[in-house]
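# Reading the structure
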Amino acid sequence: MAGAGGGGCPAGGNDFQWCFSQVKGAIDEDVAEADIISTVEFNYSGDLLATGDKGGRVVIFQREQENKSRPHSRGEYNVYSTFQSHEPEFDYLKSLEIEEKINKIRWLPQQNAAHFLLSTNDKTIKLWKISERDKRAEGYNLKDEDGRLRDPFRITALRVPILKPMDLMVEASPRRIFANAHTYHINSISVNSDHETYLSADDLRINLWHLEITDRSFNIVDIKPANMEELTEVITAAEFHPHQCNVFVYSSSKGTIRLCDMRSSALCDRHSKFFEEPEDPSSRSFFSEIISSISDVKFSHSGRYMMTRDYLSVKVWDLNMESRPVETHQVHEYLRSKLCSLYENDCIFDKFECCWNGSDSAIMTGSYNNFFRMFDRNTRRDVTLEASRENSKPRASLKPRKVCTGGKRKKDEISVDSLDFNKKILHTAWHPVENIIAVAATNNLYIFQDKIN
Amino acid sequence: MLSKGLKRKREEEEEEKESLAVDAWWLDPGHPAVAQASPAVASSSLFDLSVLKLHHSLRQSEPDLRHLVLVVNTLRRIQASMAPTAALPPVPNPPAAPSMDDNLLASSDAALSASMASLLEDLSQIEGLSQAPQPLADEGPPGRTIGGAPPGLGALDLLGPATGCLLDDGLEGLFEDIDTSMYDSELWAPASEGLKSGPEDGPAKEEAPELDEAELDYLMDVLVGTQALERPPGPGR
C-alpha cells in the first residue's frame, strides 16, 4: 500500500499539479478562537463553498463566472454571504453552556433560485435559506418611498408598482429549527437522496428528520446501554448512502462500521452489515483502540465504496466485503512511535476528516504541520502538500513535502520532532466535479487548483 | 481548546527519547531486554496520566463522551496489564509500584468504574429529567443542588467509593431553588372533585354502586310515590 511521504508529481498522466489559488482569513499570528474553521463543504454544483467556525458563523463563498478578459482568475471564490448561524446558549436545567461552534454543514440539492443548507452545533440543527434579491418594488399605493404609510382616504388614483433593479443583496434566513432531539453532542448530519429527510447523529443515537417537520424526529439507532456503566463504545460519524435512500452507515469509537437498512425494521439497532478489520497483533499497544476510532466516514460518489479515517490511516471499503478494507493508505505512520506523547497532549483524539474527488479516483485527508495528504487510487501514488502562507504566491505550484523518519535528514525534509502539532488540518473538501480543493488550516481557508484543470 | 503540542525544544529531547523507548517496548512485547521492573514503571506512569485525563474529563460540566470512553477503556487495558494474575474483576490495589503513594492512585478498579459509572448514570438521569418536563418539584425537600461540576469536589472525592454519585440524594436536591408554590396549590385537584360531586349527589345517586339495600328500598319507595321524603339525601358516597 502507499507509504508515508511521497515523490513529486511529474507533469502529464493522471497526476495532479496543485497550485495555490486563494487564501481567506486573517494573516494575524494571534488567532481568535472564534475564527477557527470547524467545517468546510462545497455545494452540489461546486459554485458555492461554505465554512462554519467556532464562533457559530457561516461564510459562503461563490465562484465567479469565468471572465474572458481575466483568463487567469479562472473562477475565484469570493464572499457571497455571511451570517450568524448559532449563538451560545445556556441549558438552565443542566447548568450547561451549549457551544455555538458549527460542527457540520450540509447543502441541500438546489431546487429553485434559492440555496438551502443545514448547519448544526452540538444540539440544534438549522435549515437556512440563502436567497438573492436584485430587484426592488417601487410605486406602492399604500406607502411612501421611505416606508411611511399613506392615508388611504387621500389616495385618488391607483398605480401598479414597478420592479427596479438594485444592488445584489444576499439574504440568509432560518427556515426551520430542529431542536431538543439530542441529549449528547451531534457529530454528523446527512441529507438523504430522497431530498426530503435527513439524519442527525450524536454519541449514542441517530435520529431521522423530515425537512418540513421540526417538532418530531424518529430515533433509528440507539446504542445507549440500559446501565451506563456498560458504556464502552460511541457513535462517531454517520452518513446516508448517496443513491439508496433506505441505507445509511455509522462508525464507532472501536473502529467498526455498521450499515443499516431502514426497510428491515423501524429501529436499526441491528445492522445489515458489519465492517471491521481484525487487529494486527504485532502492532497492538495500549493505544490500539484510540487509534482505531473512526473520525469520519464518507461514501464514494458511485455508492459502491466507503472510506473511513482513523488516527493513522484512511481505509477504502467495498460495501460487498465486510471482512477487511480493499485499500489502506498510511497518512502519517511515523507518528506510531509517538503515540504516548500524542496521548499526553491529547492530539491522539484529534478527529480528521477525509474526502473523495468527483470521479472517486483520488482521496484526500489532513495531517499536522498544515500538511495534507492525497492518494491517487489508480496510480497508487501519494503526495504530501502544505497549506502555508509561504507557498501562497498566485498560481505557484505546491512542492511536495517529505517527513524524515530517521537517519540523516535530507534538504527540504522536515523531521518528525519539528512538526507543529498545533497546526492541524482537520477539514478538507473537494469540488464535486473539478480539481479544486479547499483546505482549512486553523483560521485560514486555502483554495488550490490543478494546473492541468 | 488548541492542542498543547508544541514544537519541541532541545531540552525536551531527552524526555522525548525516554518516551520513545517506552513506546518501542509496547510495540515489541517480546523484547528480551525488558526487565520485570520497567514494564511496571512504564505502565504506572501511563496509568497516572490516564487517571489525570479521566479526572479532567469528568470535571467538565458536560464531558466529551468519546474522549471519556476511550480514556476509560485505555485505563482498563493498563490496569489489566498491571495485574496480570487477575482478570478485570476488581483488584483491591493494583500491584505496588513506586509512585503509588498518592491517594489518587490507591483506588481500585471497582471504585474507578463505580465512580465513572455513577457519573455516567448521572448523565442519563439528567437526560431523563430533560425529557420529562412535569413538575418534579413537589418532591420538595432540600438537598444538594446539582449544577455543573460541584465546585468543592476534589479529585479524591471522585475516586472515593461512595461519594462519586452527585445525585445520591435522589432527585429531591435538584429543584430546591425553584419556587414550587404554584405546584403546591390546592386549587386544582379539589376543585375538579367539587364540581363532580355536585351532580353526583342528585339524580345520579341511584346509580352509585355503593348504595346499600336500605337506601335502595327507600329510593324505590320514593320513586313509586309510597313514601314522602323523610330525610335528606345522605352525603354522596
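Owing to the predicted nature of the structure, the values given are computational and were not obtained by experimental measurement. Each chain has its residues counted from 1, running along the sequence as written. Key to labels: chains lettered from A, ligands numbered from 1, both in the order written. A pLDDT threshold of at least 70 governs which residues receive local features in this predicted model, and a stricter bar of 80 or more applies before side-chain atom pairs are shown or counted, although totals over entire chains, interfaces and linings include all residues. Only hydrogens and water are removed before side-chain values are computed, so all heavy atoms of the structure are retained for them.

### Topic: the overall build of chain B
Each helix is a run of DSSP H or I of at least 4 residues and each strand a run of E of at least 2, with the numbering of both proceeding from the N terminus. Regarding its fold elements, chain B presents eight helices and zero strands. Along chain B, helices and strands appear, N-terminal first, in the series α-α-α-α-α-α-α-α. Classification of the 237 residues of chain B by burial places 33% in the buried group. Residue pairs at least 24 apart in sequence account for 61% of intrachain contacts in chain B once pairs closer than 6 positions are excluded. The cut-offs for exposure are 20% and 50% of the maximum accessible area for each residue type, with area from a 1.4 Å probe on protein chains only; residues under the lower value are buried, those over the upper are exposed, and the others partly exposed. Here, two residues are considered to be in contact whenever any of their heavy atoms come within 4.5 Å of each other.

### Points about the nonpolar core
With 44 residues, the main nonpolar core has Tyr311, Leu335, Tyr343 and Ile348 of chain A as its most contacted residues. Within the residue set of this core, elements represented by two or more residues are helix 1 (288–292) and helix 2 (339–344) of chain A together with helix 2 (37–59) and helix 3 (65–82) of chain B. The element contributing the most residues to this core is helix 3 of chain B, with nine residues. Residues within four places of leucine 335 of chain A in sequence aside, it is in contact with Tyr311, Leu312, Leu342, Tyr368, Val416 and Phe421 of chain A. Counting 19 residues, the second largest nonpolar core, distinct from the first, contains Phe16, Cys355, Val383 and Ile437 of chain A. We call a set of buried Ala, Val, Leu, Ile, Met, Phe, Trp, Tyr and Cys residues a nonpolar core when their side-chain atoms join them within 4.5 Å.

### Section: the sheet that holds strand 2 (residues 37–42) of chain A
Residue and element names in this part refer to chain A. The strand order 2-3-4-5 describes an open sheet built from four strands, whose pairing is antiparallel. Looking at strand neighbours, the two that pair on one side only are strand 2 and strand 5 (77–84), the edges of this open sheet. Strand-to-strand, the axes of this sheet are offset by a mean angle of 20°, without reference to chain direction. With five bridges connecting them, strand 3 (residues 48–53) and strand 4 (residues 57–63) associate as antiparallel partners. Within strand 4, the residue paired with leucine 48 across the bridge is glutamine 62. When DSSP finds two or more bridges between two strands, those strands count as paired. For helices, the fitted axis covers only the stretch in contact; all axes are lines through C-alpha atoms, and the angles between them, taken along N-to-C directions, range from 0 to 180 degrees.

### Digging into the packing of aromatic side chains
Residue and element names in this part refer to chain A. Pairing of aromatic rings covers Phe, Tyr and the six-membered ring of Trp, with a centre-to-centre limit of 6.5 Å; geometry is then stacked below 30 degrees between planes, edge-to-face above 60, and tilted otherwise. This structure, assessed with the given rule, holds 20 aromatic pairs over all chains. Here phenylalanine 275 and tryptophan 317 contribute two aromatic rings whose centre-to-centre distance is 5.9 Å and whose plane-to-plane angle is 80°, an arrangement assigned as edge-to-face. On the criterion of sequence distance, the pair formed by phenylalanine 275 in strand 19 (residues 273–275) and tryptophan 317 in strand 22 (residues 313–318) is long-range, its members being 42 residues apart. Accessibility classification places phenylalanine 275 together with tryptophan 317 in one group, the buried group. Geometrically, the ring pair formed by tyrosine 311 and phenylalanine 352 is tilted, given 6.4 Å between the ring centres and 50° between the ring planes. Of the two residues, tyrosine 311 sits in the loop between strand 21 (305–309) and strand 22 while phenylalanine 352 sits in the loop between helix 2 and strand 24 (354–356), which places them 41 residues apart along the sequence. Judged by relative accessible area, which is 2%, tyrosine 311 ranks as buried. Taken together, Phe20, Phe372, Tyr446 and Phe448 form an aromatic cluster joined through their ring pairs. A cation over an aromatic ring shows up here: arginine 377 above the ring of tyrosine 305, its NZ or CZ 4.8 Å from the ring centre. Two limits define a charge over a ring: the Lys NZ or Arg CZ must be within 6 Å of the ring centre, and within 35 degrees of the ring normal.

### Looking at the pattern of salt bridges
Residues and elements named next belong to chain A. Here a salt bridge means any side-chain nitrogen of Lys or Arg lying within 4 Å of a carboxyl oxygen belonging to Asp or Glu. Inspection of the entire model under this criterion finds 33 salt bridges over all chains. Between lysine 338 and aspartate 417 there is a salt bridge; the shortest N-O distance is 2.7 Å. Pair noted here: lysine 338 is in the loop between strand 23 (327–330) and helix 2 and aspartate 417 is in the loop between strand 29 (413–415) and strand 30 (427–430), with a separation of 79 residues, a long-range link. Given a relative accessible area of 8%, lysine 338 falls into the buried group. Counted as one network, the salt bridges with shared partners bring together Asp144, Asp146, Arg148 and Arg150.

### Regarding the side chain of arginine 373 of chain A
Residue and element names in this part refer to chain A. Secondary-structure assignment places arginine 373 in strand 26 (residues 371–376). Among the polar contacts listed, one links the side chain of arginine 373 to the backbone oxygen of glutamine 330, at a separation of 3.0 Å. Side-chain atoms alone can form a polar contact between residues adjacent in sequence; in general such a contact is a pair of N or O atoms within 3.5 Å, and within protein one must be able to donate a hydrogen while the other accepts it. Polar side-chain contacts of arginine 373 include one of 2.9 Å to the side chain of threonine 384.

### A look at the state of the cysteines
For the purposes of this analysis, a disulfide is any pair of cysteine sulfur atoms at a distance within 2.5 Å. Under the criterion given, the structure shown has zero disulfides over all chains. Left unpaired, cysteine 268 of chain A is separated from the closest cysteine sulfur, that of cysteine 260 of chain A, by 5.2 Å.

### Focus: the environment of serine 38 of chain A
Residues and elements named next belong to chain A. Position of serine 38 among the secondary structure elements: in strand 2. Among the residues examined, serine 38 registers a relative accessible area of 6% and is labelled buried. Considered as a pair, serine 38 and isoleucine 235 are 197 residues apart in the sequence and their alpha carbons are 19 Å apart. The contact partners of serine 38, leaving out residues within four places of it in the chain, are Gly52, Asp53, Lys54, Lys101, Ile102, Asn103 and His427.

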